Structures are given as structure tokens and as C-alpha cells.
Amino acid sequence: MDVVFIFQWLDTSALADFTKTWAGLFAMVQTVHILSMVMLCGMMMLGDLRMLNVVLKGVPSEAIIANTKKWIYLALVLIILSGIYEASAIAMKLAYNTFFFAKMAGLSMGIIFMLSLRNAVYLRAPEQIGANGERAESVPVWVVKLVALANLLIWFSVAATGRWIGFS
């Protein structure tokens with residue numbers, strides 16, 4: 001399916017005109033985009049490395065997962081909003097950029113993976129306690145570690161392909 005018409009629409013939108021007119025604002029939004037990516041990656045790594053038992057071994061994983069979740073969601077919202085703003089300035093360049101589509105595929109996969117499999121497995125990690133005080137049905141430790149590694153790999157690929165957008 002050809003999606004160039006979406007990029008043509010974005011390139012001629014009022015947002016694109018605004019973005020191209022105010023270069024200083026573009027730089028500030030880009031800073032927010034990058035800081036949000038750092039926050040997302042940091043929170044994901046903290047949770048995943050805890051599940052791999054690499055960092056914060058003395059802190060219960062449920063506390064780390066619960067406390068990082070709100071920051072992950074905030075970072076995702078900021079990344080998406082600032083990304084749309086940035087994309088409006090170079091929409092036609094992105095329409096033909098393979099790395100942009102790879103990043104969007106990775107971002108979609110990362111969000112779906114996080115909201116479905118990662119959250120479900122981490123809620124049932126062997127040391128987790130259910131909301132009613134009883135132990136939740138546990139998943140094997142190797143599954144938790146595999147999910148943590150897969151999540152790290154997905155988000156690393158999103159960051160790497162995003163970086164390559166600038167080089168192509």
C-alpha cells in the first residue's frame with residue numbers, strides 16, 4: 001500500500017508550516033524527543049535488568065515495575081507527540097526513508113510487546129504478589145528472563161534505526 005499521500009498531506013499541513021517557520025521551537029521539541037527517549041530507555045532497562053537480576057537485587061521487582069510504568073507511559077506520549085511535530089518538518093524525506101519505516105515497525109512492535117506480553121509476564125513473575133495478597137500464578141524464571149532480553153532487543157533496534165534516519 002502506498003502511503004506517500006499521508007506524508008504529502010503532513011508536508012502541506014499547518015503544523016508543517018509552523019514547524020518550518022519556528023526553527024528554534026523545532027530544536028526545543030527535538031530536545032524533548034531525545035530526553036523522552038532517554039527516559040523510556042532508562043525505565044525499560046531498569047525494569048528489564050531487574051528482571052534479569054542484574055541491578056537492584058535487594059529491591060522487589062514489583063516495586064520497580066510499578067514505579068517505572070508511569071514514566072514509561074509519559075515518555076511514550078512525549079515521544080509520539082514530539083515525533084509527529086518533527087516529522088512534519090521533513091515529511092517528504094521520511095516518505096522514502098527505509099529506516100523511518102523500520103523504526104515505526106519497531107516502535108509499534110515495542111509498544112504492543114510491552115502492553116501485552118511484557119506486562120502480563122512481569123505481573124506473574126515468580127516473586128510477584130497479587131493484589132489480594134495471594135501469590136499470582138507464576139511463570140517460569142526463564143520466561144521472565146527471555147521476555148526481558150526480547151524487550152531490550154526490541155527497544156535497542158528502535159533506537160538504532162531511529163539514529164540511522166539521520167544518516168540516510
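Residues numbered from 1 in each chain as written. Predicted model: local features only at pLDDT ≥ 70, side-chain atom pairs only at ≥ 80, totals over all residues. Heavy atoms only, no water.

The helix and strand tally for the protein chain stands at 7 helices and 0 strands. When the helices and strands of the protein chain are placed in sequence order, the string is α-α-α-α-α-α-α. In terms of overall dimensions, the protein chain has C-alpha extents of about 55 × 35 × 30 Å along its principal axes. Here the protein chain holds 168 residues, and 35% of them are scored as buried. In the protein chain, once contacts between residues fewer than 6 apart in sequence are set aside, the share between residues at least 24 apart is 74%. Carbon and sulfur atoms make up 74% of the accessible area of the protein chain, which totals about 9700 Å². Within the protein chain, the 9 negative side-chain charges are centred at a point lying 7 Å from the centre of the 12 positive side-chain charges. (Helix = DSSP H or I, 4+ residues; strand = E, 2+ residues; numbered from the N terminus. Buried < 20%, exposed > 50% of the residue type's maximum accessible area, 1.4 Å probe, protein only. Contact = heavy atoms within 4.5 Å. Areas by Shrake-Rupley, 256 points an atom, 1.4 Å probe, with all protein chains shown as cover. Lys, Arg positive; Asp, Glu negative; His and termini not counted. Charge placed at Lys NZ, Arg CZ, Asp CG, Glu CD.)

Quick look at the packing of helix α2 (residues 14–21) against helix α4 (residues 61–89) now. Closest axis-to-axis distance for the α2/α4 pair is 8 Å, and the angle between their directions is 80 degrees. Of the possible angle classes, the one that applies to α2 and α4 is roughly perpendicular. Of the residues in α4, those in contact with L15, A16, F18, T19 and K20 of α2 are I84, Y85, S88 and A89. In the contact of α2 with α4, the residues fall into 6 nonpolar, 2 polar and 1 charged. (Axes fitted to C-alpha atoms, helices over the stretch in contact; angles between N-to-C directions. Parallel < 35°, antiparallel > 145°, perpendicular 65-115°, else oblique. Nonpolar A, V, L, I, M, F, W, Y, C, P; charged D, E, K, R; others polar.)

This part covers the environment of K103. Within the element layout of this structure, K103 appears in helix α6 (residues 98–123). Relative accessible area serves as the criterion here: at 12%, K103 is assigned to the buried category. With 80 residues separating them along the chain, K103 and A23 place their C-alpha atoms 24 Å apart.

How two aromatic rings sit relative to each other is set out by the distance from centre to centre and by the angle between their planes. All chains considered together, the criterion is met by 5 aromatic pairs. Seen in terms of ring centroids, F7 and F101 are 5.8 Å apart; in terms of plane orientation they differ by 75 degrees. Their pairing is edge-to-face. Residue F7 is located in helix α1 (residues 4–11), and its partner F101 is located in helix α6; the two are separated by 94 residues in the primary sequence. The exposure class assigned to F101 is partly exposed, which follows from its relative accessible area of 34%. Each residue in the set F7, F100 and F101 is aromatic and connected to the rest through ring pairs, giving one cluster. (Phe/Tyr/Trp six-rings, centres within 6.5 Å; stacked < 30°, edge-to-face > 60°.)

With that settled, the discussion passes to the pattern of salt bridges. Close approach of charged atoms allows side chains with opposite charge to pair. Overall, the coordinates contain 1 salt bridge when judged by the stated rule. Salt-bridge contacts for R118 lead to D48; the nearest nitrogen and oxygen are separated by 3.1 Å. You can see R118 sitting in helix α6 and its partner D48 sitting in helix α3 (residues 23–51), a full 70 residues away along the chain. The class for D48 is buried, based on a relative accessible area of 0%. (Salt bridge = Lys/Arg side-chain N within 4 Å of Asp/Glu carboxyl O.)

Relative to the helices and strands, I84 is located in helix α4. Note on I84: relative accessible area 43%, which makes it partly exposed. Sequence spacing of I84 and L10 is 74 residues, and the spatial spacing of their C-alpha atoms is 9.2 Å.

Another point: the layout of surface pockets. Computed from the structure, the largest pocket encloses a volume of approximately 750 Å³. Lining the largest pocket we find 28 residues, and of these H33, E86, K103, G162 and I165 sit closest to its centre. Contributions of two or more residues to the lining of the largest pocket are made by α1, α3, α4, α5 (91–95), α6 and α7 (141–167). Residues belonging to the lining of the largest pocket are distributed by class as follows: 19 nonpolar, 5 polar and 4 charged. (1 Å grid on protein atoms, 1.4 Å probe; cavity = no way out; pocket = protein on both sides within 12 Å on 5 of 7 lines; lining within 4 Å. Points joined across faces, edges and corners; volume = space filled by probe spheres on them.)

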